[in-house]
4 protein chains.
Amino acid sequence: MRTATGVTGASSCPFEATRTAGRATPRVTRVAASSDQAQVAVLGASGYTGAEITRLLALHPRINVRAITSERSAGQPFRKTFPHLRESFFKSDSADSVMNLELTKVEDVNWDQVDSVFCCLPHGTTQEIIAGLPRSKKVVDLSADFRLKDVDVYAKWYGAAHKAPDLQREAVYGLTEFKRKEVGSASLVANPGCYPTSIQLPLVPLLEKGLITAEDLIIDAKSGVSGAGRGAKQSNLYVEIAEGMNSYGITSHRHVPEVEQQLEEVAGGPVRVSFTPHLMPFSRGMQSTIYVKMADGVSVEDLRARLEERFEDEAFVHVLPAGEIPHTRFVRGSNHCVLGVYEDRLEGRAIIVSVIDNLVKGASGQAMQNMNLMLGLPEDTGLMQIPMFP
Amino acid sequence: MRTATGVTGASSCPFEATRTAGRATPRVTRVAASSDQAQVAVLGASGYTGAEITRLLALHPRINVRAITSERSAGQPFRKTFPHLRESFFKSDSADSVMNLELTKVEDVNWDQVDSVFCCLPHGTTQEIIAGLPRSKKVVDLSADFRLKDVDVYAKWYGAAHKAPDLQREAVYGLTEFKRKEVGSASLVANPGCYPTSIQLPLVPLLEKGLITAEDLIIDAKSGVSGAGRGAKQSNLYVEIAEGMNSYGITSHRHVPEVEQQLEEVAGGPVRVSFTPHLMPFSRGMQSTIYVKMADGVSVEDLRARLEERFEDEAFVHVLPAGEIPHTRFVRGSNHCVLGVYEDRLEGRAIIVSVIDNLVKGASGQAMQNMNLMLGLPEDTGLMQIPMFP
Amino acid sequence: MRTATGVTGASSCPFEATRTAGRATPRVTRVAASSDQAQVAVLGASGYTGAEITRLLALHPRINVRAITSERSAGQPFRKTFPHLRESFFKSDSADSVMNLELTKVEDVNWDQVDSVFCCLPHGTTQEIIAGLPRSKKVVDLSADFRLKDVDVYAKWYGAAHKAPDLQREAVYGLTEFKRKEVGSASLVANPGCYPTSIQLPLVPLLEKGLITAEDLIIDAKSGVSGAGRGAKQSNLYVEIAEGMNSYGITSHRHVPEVEQQLEEVAGGPVRVSFTPHLMPFSRGMQSTIYVKMADGVSVEDLRARLEERFEDEAFVHVLPAGEIPHTRFVRGSNHCVLGVYEDRLEGRAIIVSVIDNLVKGASGQAMQNMNLMLGLPEDTGLMQIPMFP
Amino acid sequence: MRTATGVTGASSCPFEATRTAGRATPRVTRVAASSDQAQVAVLGASGYTGAEITRLLALHPRINVRAITSERSAGQPFRKTFPHLRESFFKSDSADSVMNLELTKVEDVNWDQVDSVFCCLPHGTTQEIIAGLPRSKKVVDLSADFRLKDVDVYAKWYGAAHKAPDLQREAVYGLTEFKRKEVGSASLVANPGCYPTSIQLPLVPLLEKGLITAEDLIIDAKSGVSGAGRGAKQSNLYVEIAEGMNSYGITSHRHVPEVEQQLEEVAGGPVRVSFTPHLMPFSRGMQSTIYVKMADGVSVEDLRARLEERFEDEAFVHVLPAGEIPHTRFVRGSNHCVLGVYEDRLEGRAIIVSVIDNLVKGASGQAMQNMNLMLGLPEDTGLMQIPMFP
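Residues numbered from 1 in each chain as written. Chains lettered and ligands numbered in written order. Predicted model: local features only at pLDDT ≥ 70, side-chain atom pairs only at ≥ 80, totals over all residues.

(A) Structural context of unusual backbone geometry. With an omega of 0 degrees, the peptide bond between Phe389(A) and Pro390(A) qualifies as cis. On the secondary structure map, Pro390(A) appears in the segment after helix H13 (360-374). A positive phi is found at Thr251(B), a non-glycine position, where the angle reads about 70 degrees. Topologically, Thr251(B) is positioned in the loop between strand E9 (246-247) and helix H11 (255-267). (Helix = DSSP H or I, 4+ residues; strand = E, 2+ residues; numbered from the N terminus.)

Structure representation (structure tokens):
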């Protein structure tokens, strides 16, 4: 029970209610600020996902941030780390609270004041820190630490044994559109990776219905460079990135086992994917171009119809009509995913394009979506940013 | 009286009320949607300022868009012109209305359904179209057509006699922070140019108090390329703009007479400015670096203190403490202006840096600010976007 | 015989001589300017490929440009069209000659002064203009007009019957590395498209030896926006392109039949490819990421070994060792192609990455390579630019 | 005497000879490779200026690189540091030699094999290392260490006493166009900073003739981010730089004393400048927009005429006709500087625009120009790259 913050239990999720109200495009009642505010800590707040959560909070009326941490910048005011964020920019009193805080070390957080946590720490260190938190806290973890169910798979891809296997078992994999119920009652949500989000949104509904085969899934993915984080690395300097592109981590990117695990869940058997990520000369945005083999007798129209039907009631996933092609610009700064499906010249094959903003639906936006569900709030609270173009 | 739309008279501007409430940073009561919606037309909606007004409307609860026009794209649905805007992206019912409309020609607007107008047409054609509108409509005009008071100055810089000199006399120059009262009771507001907005915000308070001289004002200004509009010009192609920069319109840019006219209003005598604009390889953002001569005995600290005092109660203008420097990234996507003041090595001189987003405070955001005042709404309704970084 | 200009016959190609000299990396004797200069016209010189040919000519000692044409800019000096090119920038007297010319219409070229032609005109109009030239001229055509051998395929993809079918039959498809001999004795060379160049360089040697199957060739290609030309189109404005990306022309791009035709030549049977191009936010550069199925018993190492062996003596094609990945930045501004071959997670499959500069090896550089062969000059004359990074 | 390497003495500089030959635009006889090669070391070769020197060497027939150093990357092959440079890309045998070398520490250079040095080390450490070299070596130093004549000024701006004051006195400040004779006979050349180069080229000839006043020189300068070096700093990440700009180092940039020192040399009295640098979202390129006060009776045409006359015989400095405006794109990748002069609206004032490529004329290109003079070679050997656009 969460009487302290007054948010209603996850069992009466108002978003679910709205969803069943029968509108093709669900609208959410505006949520007013109330005395029942969630008291949140943001761990690892000085990276790009931390900045993005703060931006989203500006339109969120029901979350108070009580603590923000950064190992490197502890002791600094937040706006030294993100000078584009200043107290005076915020209109909502709840979001404003972020700006009155100073960054601290994780160990200096007063957990009595906090009931929920966004964890934006690097993988590896995350698992120990979350294991050390009071179990009563609701946690959305943006790292990779709790995404892989199988500890052996984890050990293989991350080169070390998992340090909190119990928590790993308990964690809910939070691709919101597919795990709404589980997220609503979870204590610990493993927020999906950006690539896996863009890939699963179209593939899960198709595999689920057997419309495409689990073999020969070829994913050519492109990501903006903010996905590489804010650490000072030569390879991410402006001069090294601008006006060019490159593949990286061919066959060895750590999002591969996450994608395969989740697709196997619906395919009902082993899935292997070909996955080649590409680093793009832009800050935000992600596209997965996915080459699939259709099951016998299935047409491109069948694929599109299935996706349309599956996402008809979803606020954040949109299927384009035949002939229209998504751009990453269509979703920049928003929590939306836009999908397109196309004939291939190779018989029996189809091409799927999926675009998201890697920092929003691919990270902080989906984290907020999950947190809203965990707090019993409408799922899209604070997420009404429409895409920014230009 | 505006009983038709139910908005309150401009005389009881709620924003003014908030401003006097004594808080350093005014906060606005959230405005709920009501049955008293303004019914608005956006003329010339297919350019970048039109797209930006639509983006801002998504968070505005009190404006219904009833008509959108585009001479070239009439007959098309809006999302064909701006595919990043789709009905399903909008959460607020009022903004959503934009997406249900089809672009028409101006002559096909049903003026009975409209009480207010954002006019985003090119200068030259604007004056005739506005002159042809029913006089009862409230108009914010984003073109240059009504900014210059003196018809001779207009004729000289624009190469033709003004076609609506009566309206020109009546129009209020809407740099909101300096003209709040006049805007509140105006029928026609000439929305300031982007460069002039970034220049006047720091210079007006300083000239007003005689802290800087009206001579030797040297302005080196830099603008993102969205300021050049959405027309298909070779010189604005990606390949022509990326990875380089250039000055343009040296001494001959049409924002010069606008700046001089407005500075003369407070300087109490003739003002000439040196103004050199530069085209930058980015979409949004604007910086004016201004080199000023201080009056005898005045220090840089005096300048900063004056600006701090003048903008203390303003929601959208911010003065940085000594030693901090604004970046255009600090305001991207928001209606904010950030100012910094610095010592020069030349004795008696100071350097002022002013940054805005040219599409927001430099165009559509300020237009919304003005429209809010004209409608008797809190000035920052729909303008709570915080800067987007990354 | 070409005694007029004094270039030696194609039969004694000095480059071929060098190639057989047994060096792993062929070096070319520096070519000195001589009285035996080729007299060249550049038709359609005001686009990006025209600018690029001029840049390359600056280091070319044996070509004099006698005529440059542009339908739209006829009558202007060249540097009005390309102000980055000024007479005084050129060090070589031959290249310098370009800058002394004025753009004319094609019909005003004095053909008596010209023996060779770079044709950079848009497809469709090209075929008629080339058909109208004196047959004695050597022509490298950069358009698509003479690339497709089969007039029915041409008609299907270009929507009109070919107007010079005789010439089409005669034209040599000039992917230099594979057609050296034919190019050397050709009168009309159809310069390959940029995508097809990047695709054929790795695939032809592999298909030729049966190391990969002709089925299931999936090509995910990415191009810089200069490939879209210098025409003023809204969709290529800086604001529309920067900070984002998109697929386009899925399954319907006109480079598809060109690729299929050329692969069929070596595969000995019908070839269909899946080809999805993507528009990138950079000016120059192109990557094709190619997903191939290996023949039974073939390994990734076999593929790499074949490419290494095939390109060992080539000046412009380079195969990276295992584990290294090409970036488009590795070739910017140069005529080089860099290839990498990788294991796929899907059994029996491999991934090939091929990068070129779309304006150089993908257009003007390869055109120069072909012209050099036609003129009996060392193939890399004027092409010694090394990649520009940063 | 330099009989060891066979280059002729600086007293018979062939470039000077060409210059007096009376051509408006000097052309240089092509220099053929000979057995008389300079044997050069590049210290600090792993930064952007090191990469750029290597790029220029590819077209330089008379320099053999015998040693390249990097403290951090010692032991690595050069192409690991700059994978865009591979042995096989180089056509000239002399440049090729770079690629056969491995990076070492400075202390491991075999100085017996080397007669000349490009020093690209960071300032502060440079002075000690150069002081430790055998005095017979010819050195072009790209750091700031030997640019300031006055040790007190040095100490004030760099916060420490100079460690090689004797060498500092001896060093020649190498703004080539103004110091040709001194450079030709120098042992140690202090290569100018990028900003100072772009500023002095127009101002020195004007101050020299008293056409502008030494007061009220206001310089608003803009630099590409490659000027900030290749070190991994958060503030230079792509995400932090793209799509925005900012001023930095207002009044405190270390190029200020360098500019003032050099202008004083021709002004014949103390000079103070207002200097505000701006960081631009592009890799290469620099513009200084300079606001000057003309002497009594002097016109803008007088300024332009003076610059035209002064630079008439120069290969790398170009003055645009009235009405034309330089872009940084006009010089990208080349050693050129382009200048424009404009009326100001403020009476008695003028505006000067100066563009260079910060990595070429602002660093490695000018270093090569200086080295050529020191070696008795034509000044533009290896510098025939024309600007790369797109």
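So much for the structure itself; the text now carries on.
(B) Structural view of helix H8 (residues 176-184) of chain D. Residues of H8(D) that are buried: Thr176(D), Glu177(D), Phe178(D), Val183(D) and Gly184(D). The secondary structure elements touched by the buried residues of H8(D) are strand E6 (172-173), strand E7 (188-190), helix H9 (194-208), strand E12 (317-319) and helix H13 (360-374) of chain D. (Buried ≥ 20, exposed ≤ 12 C-beta atoms within 10 Å, placed from the backbone. Contact = placed C-beta atoms within 7 Å.)

(C) Spatial organisation of the interface of chain B and chain A. Between chain B and chain A, the residue contacts involve 37 residues of the former and 36 residues of the latter. The element contributing the most residues to the side of chain B that touches chain A is helix H2 (residues 48-57) of chain B, with 3 residues. For the side of chain B that touches chain A, a count of residues per class yields 18 nonpolar, 9 polar and 10 charged. (Nonpolar A, V, L, I, M, F, W, Y, C, P; charged D, E, K, R; others polar.)

(D) Spotlight on the interface of chain C and chain A. Of the residues lining the interface, 40 residues belong to chain C; the matching set on chain A comes to 40 residues. Residue assignment for the side of chain C that touches chain A shows that the elements contributing at least two residues are strand E8 (217-223), strand E9 (246-247), strand E10 (273-279), strand E11 (286-293), strand E13 (337-343) and strand E14 (349-356) of chain C. Considering only residue class, the side of chain C that touches chain A consists of 17 nonpolar, 12 polar and 11 charged.

(E) Representation of the relation of the copies chain B and chain A within the structure. The two copies are related by a screw motion: chain B maps onto chain A through a turn of 180 degrees and a shift of 0.0 Å along the axis, at an RMSD of 0.0 Å. Overall, the copies show the geometry of a two-fold rotation axis. (Least-squares fit on C-alpha atoms with pLDDT ≥ 70 in both.)

(F) Fine view of the sheet that holds strand E11 (residues 286-293) of chain D. All names here are of chain D. Pairing is mixed across the open sheet formed by 7 strands, whose spatial order is E9-E10-E8-E11-E14-E13-E12. Whereas interior strands pair on both sides, the edge strands pair on one side only; in this sheet they are strand E9 (246-247) and E12. Of the strand pairs in this sheet, E11 and strand E14 (residues 349-356) are connected by 8 bridges, and their pairing is antiparallel. Within the sheet, the bridge partner assigned to Ile290 lies in E14 and is Ile352. Packing against the sheet, H9 makes contact with strand E8 (217-223), strand E10 (273-279), E11, E12, strand E13 (337-343) and E14, and its axis sits at approximately 40 degrees to E11. (Pairing = 2+ DSSP bridges. Axes fitted to C-alpha atoms, helices over the stretch in contact; angles between N-to-C directions.)

(G) How the structure looks around the domain arrangement of chain A. Residue and element names in this part refer to chain A. Partitioning chain A into structural domains gives domain 1 (10-191 + 362-374) and domain 2 (195-360). Taken together, the contact between domain 1 and domain 2 spans 23 residues of the former and 25 residues of the latter. Counting only elements with at least two residues in the side of domain 1 that touches domain 2, the list comes to helix H2 (48-57), helix H6 (151-158), helix H8 (176-184) and H13. Per-element accounting of the side of domain 1 that touches domain 2 gives the leading share, 6 residues, to H13. Broken down by class, the residue content of the side of domain 1 that touches domain 2 amounts to 11 nonpolar, 7 polar and 5 charged. (Domains from an automatic or database assignment.)

(H) Seen up close, the relation of the copies chain C and chain A. The transformation that overlays chain C on chain A combines an axial shift of 0.0 Å with a rotation of 180 degrees, and the residual RMSD is 0.0 Å. Both copies present the same face, since 100% of the interface residues in chain C are matched by interface residues at the equivalent positions in chain A.

(I) Seen up close, the UniProt feature "active site" (unreviewed entry) in chain A. All names here are of chain A. UniProt feature "active site" (unreviewed entry): in the numbering of this structure it lies at Cys194. Summarising the element assignment, Cys194 is placed in helix H9 (residues 194-208). When neighbours within four sequence positions are excluded, Cys194 is seen to be in contact with Ser223, Gly227, Met286, Asn358, Gly362 and Ala363. (UniProt positions renumbered as here; feature names shortened; annotations may be inferred.)

(J) View of the confidence of the model for chain A. Residue and element names in this part refer to chain A. Residues at a pLDDT of 70 or more form 89% of chain A, whose mean pLDDT is 89. Below a pLDDT of 50 lies the segment residues 1-29, which in the model reaches 47 contacts outside its immediate sequence neighbourhood of four places, other chains included. The ipTM for the predicted assembly is 0.91, set against a pTM of 0.92. (pLDDT = per-residue confidence, 0-100.)

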